[in-house]
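Notes for the structure review
This is what each chain is made of:
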Amino acid sequence: MLTYIVLLGPPGAGKGTQSKVLASELDVPHISSGDIFRDNIKNDTPLGRLAHKAISKGELVSDDLTIAMLRERFMQRDCANGAILDGFPRNPVQAEALEELLNSFGGQVNLVLFITSPVKSLIERLAGRWTCQAQGHTYHECFNPPKEKGICDIDGSALYQREDDKAETVLNRIEIYQNQTAPLIKYYDERGILARIDGVESIEKVSAQLMSVLKC
Ligand code: ADP
Ligand code: ADP
């Protein structure tokens, strides 16, 4: 069966962290729109140059650019049996585009895992987030520290703090999430495919909740 799972939730809820666990458990790729944008910025591609301004201010990149980027990603063979989608869709226009895209090769969104946490904890998590340069693995200086400070446990690359994790940009991102992305909760709930996950608990306990939803 084709398995396309969307992780929905505010910035800092734990979508990236849990997507990696799910992708490895289900053996499907983890597609993070934020990671693809950051790779393009790092490699100074035309897409990276177009997206950089919006990302640095914590705003959403235009739907046209984002949807085209995801369409290209879905053309790759590794997505044929399923994928974990992290950070996409981020508004109803993108959700419709995703449905159309998946339908074009016989797929559909099977499950939406909505992870949430109070704003205070989102801010605390983003302020302490460290991301790896090479592949976007994430750590937290208190809740999930790397074995060696500043170095990724998995690929040995340097860790950095994202420009858009600064306190003032974080508040803007949370507001944008509330205005533009949160309507997707109702959108997917009405389709009967939304599962709510309490993201306040430890990383391991949140993973256990996700796994129990998958077994249902
Ligand atoms: P998102 O992709 O939703 O923005 P991340 O998965 O990158 O969120 O997590 C944000 C930060 O919070 C990271 O530093 C991560 O290590 C940490 N984190 C993720 N889940 C938890 C959790 N359940 N408890 C504590 N810290 C967490
Ligand atoms: P987080 O999980 O911390 O919210 P992401 O890594 O998903 O952050 O996204 C970082 C930034 O990349 C967003 O603030 C936005 O500027 C841009 N971005 C990522 N995904 C999308 C999307 N689906 N639509 C528009 N912009 C996006």
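Below you will find a few notes about this structure. (Residues numbered from 1 in each chain as written. Chains lettered and ligands numbered in written order. Predicted model: local features only at pLDDT ≥ 70, side-chain atom pairs only at ≥ 80, totals over all residues. Heavy atoms only, no water.)

A look at the overall build of the protein chain
Along its length, the protein chain carries 9 helices and 8 strands. On C-alpha atoms alone, the protein chain measures out to a radius of gyration of 16 Å, which is about the 17 Å that the 2.2 N^0.38 rule sets for 216 residues. Overall, the protein chain is about 45 × 40 × 35 Å in size when its C-alpha atoms are taken along their principal axes. By the burial criterion, 50% of the 216 residues in the protein chain qualify as buried. Counting only contacts in the protein chain whose residues sit at least 6 apart along the sequence, the fraction spanning at least 24 positions is 70%. Here the protein chain has roughly 11,100 Å² of accessible surface; of this, 53% comes from carbon and sulfur atoms. Looking at the protein chain, you have 24 positive and 29 negative side-chain charges, and the mean spots of the two groups are 1 Å apart. (Helix = DSSP H or I, 4+ residues; strand = E, 2+ residues; numbered from the N terminus. Rg over C-alpha atoms; globule rule 2.2 N^0.38 Å. Buried < 20%, exposed > 50% of the residue type's maximum accessible area, 1.4 Å probe, protein only. Contact = heavy atoms within 4.5 Å. Areas by Shrake-Rupley, 256 points an atom, 1.4 Å probe, with all protein chains shown as cover. Lys, Arg positive; Asp, Glu negative; His and termini not counted. Charge placed at Lys NZ, Arg CZ, Asp CG, Glu CD.)

Re the packing of helix α2 (residues 33-42) against helix α4 (residues 63-74)
Interhelical geometry of α2 versus α4 gives an angle of 95° and a closest axis separation of 11 Å. Judged by the angle between their axes, α2 and α4 are roughly perpendicular. Here α2 contributes S33, I36 and F37 to the contact with α4, which in turn contributes T66, M69, L70 and R73. Residues belonging to the contact of α2 with α4 are distributed by class as follows: 4 nonpolar, 2 polar and 1 charged. (Axes fitted to C-alpha atoms, helices over the stretch in contact; angles between N-to-C directions. Parallel < 35°, antiparallel > 145°, perpendicular 65-115°, else oblique. Nonpolar A, V, L, I, M, F, W, Y, C, P; charged D, E, K, R; others polar.)

Considerations on the site of ligand 1
Surrounding ligand 1, one finds 20 residues, the nearest of these being G12, T17, R129, Y139 and E201. Side-chain polar atom of R125 to a nitrogen atom of ligand 1: 3.4 Å apart, as the coordinates give it. Separating an oxygen atom of ligand 1 from a side-chain N or O atom of R129 is a distance of 2.7 Å. About the coverage of ligand 1: the protein hides 94% of its 570 Å² of free accessible area. The set of elements that each furnish at least two residues to the shell around ligand 1 consists of α1 (15-26), β6 (138-140) and α9 (203-215). In terms of residue class, the shell around ligand 1 is built from 7 nonpolar, 9 polar and 4 charged. (Near = heavy atom within 4 Å. Polar contact = N/O pair within 3.5 Å; in protein donor to acceptor, adjacent residues only side chain to side chain.)

So, the sheet that holds strand β5 (residues 129-132)
Strand order in this open sheet of 3 strands is β6-β5-β7, and the pairing throughout is antiparallel. Only two strands of the sheet have a single partner each, and these edge strands are β6 and β7 (159-160). Sheet topology places β5 next to β6; 3 bridges connect them, and they run antiparallel. Bridge pairing in β6 links W130 to Y139. (Pairing = 2+ DSSP bridges.)

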